[in-house]
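Chain and residue survey
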Amino acid sequence: MNRKSVAVLDVRSADVTVLIGERGVNNTFVFKGVQTHPYDGFAEAEFFDLRSLQTAIVSSLEGVEHSCGDRIREIYVGVPGEFCKVVTRRHLMSFQSKRRISPADVGALFDGGYTEPVSGYTLIRRSAIYYVTSDKRRTIDPVGMVSDSLEGYLSYFLANDRFIEILRNILEEYGVKKIVFLPTSLAEALYLIPSETRDEYAILLDIDSISMTFSVVCGNGITYQSACSAGGGHVTAQVFADEDVDIPFEIVEAMIKKINLSGRDDEKSTIEYVDKMRSYTLPMQFLKEKVKDGLDLICEVINKCLELCGDRNIEYRPILLTGGGITGIRGAREHLTNRLNKVVEIVSPNLPYYNKASQSSLLSLLDMALATKRENSFFYKLFNGFGG
């Protein structure tokens, strides 16, 4: 790969994607190659089948390398919410006299804020929710400001050691030399949510096939995060809960994407799906009711997350929904809004042809990987200062 490109591995709950890309004009991207392969997934921070995971990752790597004609020696790996812990700290650092704050001061503030490692987890990223100077000015970038103290409300992102071990073993066995782990939730927060919205508080909800991550975002950090094994696959599973439905799971998923929960249909209406082998039919009302039952279960989980968070700053904030779990179901957003009594908005990448919520994690990780590579370059540190 050339020096401008990065390789990203996005690990989702039902598939993995490898992407090689670089920065384009107007903050867009240029894609060199992308490959997605399904695997058995994970739940409760445990992979169901490591061989399935390895096969999917290796197949994706081989596919991208073949299309690009180049070897991947360095890769940025997204850590899903179920394998990532967020720790917040408030830390104050005083100076002997007033002076300009340097990047080294910011780095020292972060170092002083995280002094007690969490067993079973490794620190992979740190970011500031906000900083406060001695005159009580709140800022997200204190470098260059004059103050005799610097206080930070800081968030630290820790990856599950077992996740790191599994992914590192797979990638190193393949031949990847350098592996950098990134928190997927933070990448999505910084890429999908405008900075002016993050200046206050925002709720980001990433619902995937069998996993969801609930994050409270502020500034350039996350103040609270909760992840659990609930997603779009559980909505589909409701169709099979009480009825003897003899239709393949993936066919039912496709049928659900054809309905509109907000639409009015005749009681005798049916939904039909035709594949190469045969046709399948289900009553429209039956399918809608089952999907609503599944969405209600998702709502119960969301309400629990809101209750456990207990932050009054988010009481009147909309829920920003992303991920491919339920955003493809027409009328799902409206159903969640009504059940939660809270505005739900779908957020996705602002890119032509890639403006789907299912692409959010992949493109967010690409954005963070490119920014990280740039910030770690010698010339960037030379002109912007070392530290931080």
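None of the values given here were measured: they were computed from a predicted structure.

Residues annotated in UniProt with the feature "domain: SHS2" (unreviewed entry) correspond here to residues 6–192. Span residues 6–192 is 28% helix and 47% strand, its end C-alpha atoms 20 Å apart.

Bringing the nonpolar core into the picture now. Counting 62 residues, the largest nonpolar core has Leu9, Phe47, Ile75, Val77 and Leu167 as the members making the most contacts within it. Setting aside its immediate chain neighbours within four residues, Leu167 contacts Leu9, Val11, Phe47, Leu53, Ile57, Val77 and Phe181.

If you add up the space inside the second largest pocket, you get close to 770 Å³. Around the second largest pocket, the lining comprises 36 residues; the ones closest to its centre are Asp15, Asp208, Ser209, Gly324 and Ser358. Within the residue set of the lining of the second largest pocket, elements represented by two or more residues are β2 (15–23), β3 (29–38), α6 (232–237), α7 (249–256) and α10 (360–375).

All chains considered together, the criterion is met by one cavity of 30 Å³ or more. As for the largest cavity, its lining consists of 15 residues, of which Arg12, Pro80, Gly81, Asp206 and Thr213 are closest to the centre. Breaking the lining of the largest cavity down by element, the ones donating at least two residues are α4 (184–192) and β13 (212–218). Tallying contributions element by element places α4 first for the lining of the largest cavity, with three residues.

This part covers the packing of aromatic side chains. Counted according to the given criterion, the structure contains 16 aromatic pairs. Between Phe29 and Phe31 the ring centres are 6.3 Å apart and the planes differ by 35°, which places this aromatic pair in the tilted class. Taken together, a centroid distance of 5.9 Å and an interplanar angle of 15° make the contact between Phe240 and Phe249 stacked. Here Phe240 falls in the partly exposed class, since its relative accessible area comes to 26%. Overall, Phe249 belongs to the partly exposed group, its relative accessible area being 34%.

So, about the sheet that holds strand β9 (residues 138–139). The sheet built from four strands is open, its strands ordered β7-β10-β8-β9 with antiparallel pairing. One side of each edge strand has no neighbouring strand; the edge strands of this open sheet are β7 (84–100) and β9. Pairing of strand β8 (residues 121–133) with β9, which is carried by two bridges, proceeds in the antiparallel orientation. By the bridge assignment for β9, Val132 is matched with Arg138. Sitting on the sheet, helix α2 (residues 103–113) touches β7, β8 and β10 (146–160), and the angle it makes with β7 is about 130°. Strands β8 and β10 of the sheet are contacted by helix α3 (residues 161–174), whose axis makes an angle of about 65° with β10.

Below, the discussion takes up the side chain of Thr236. Tracing the sequence through the fold places Thr236 in helix α6. Since its relative accessible area comes to 4%, Thr236 is described here as buried. The residues touching Thr236, leaving out its near neighbours within four places in the chain, are Phe249, Val252, Glu253 and Ile256.

Procedures and definitions
Residues numbered from 1 in each chain as written. Predicted model: local features only at pLDDT ≥ 70, side-chain atom pairs only at ≥ 80, totals over all residues. Heavy atoms only, no water. UniProt positions renumbered as here; feature names shortened; annotations may be inferred. Helix = DSSP H or I, 4+ residues; strand = E, 2+ residues; numbered from the N terminus. Core = buried A, V, L, I, M, F, W, Y, C linked by side-chain atoms within 4.5 Å. Buried < 20%, exposed > 50% of the residue type's maximum accessible area, 1.4 Å probe, protein only. Contact = heavy atoms within 4.5 Å. 1 Å grid on protein atoms, 1.4 Å probe; cavity = no way out; pocket = protein on both sides within 12 Å on 5 of 7 lines; lining within 4 Å. Points joined across faces, edges and corners; volume = space filled by probe spheres on them. Phe/Tyr/Trp six-rings, centres within 6.5 Å; stacked < 30°, edge-to-face > 60°. Pairing = 2+ DSSP bridges. Axes fitted to C-alpha atoms, helices over the stretch in contact; angles between N-to-C directions.

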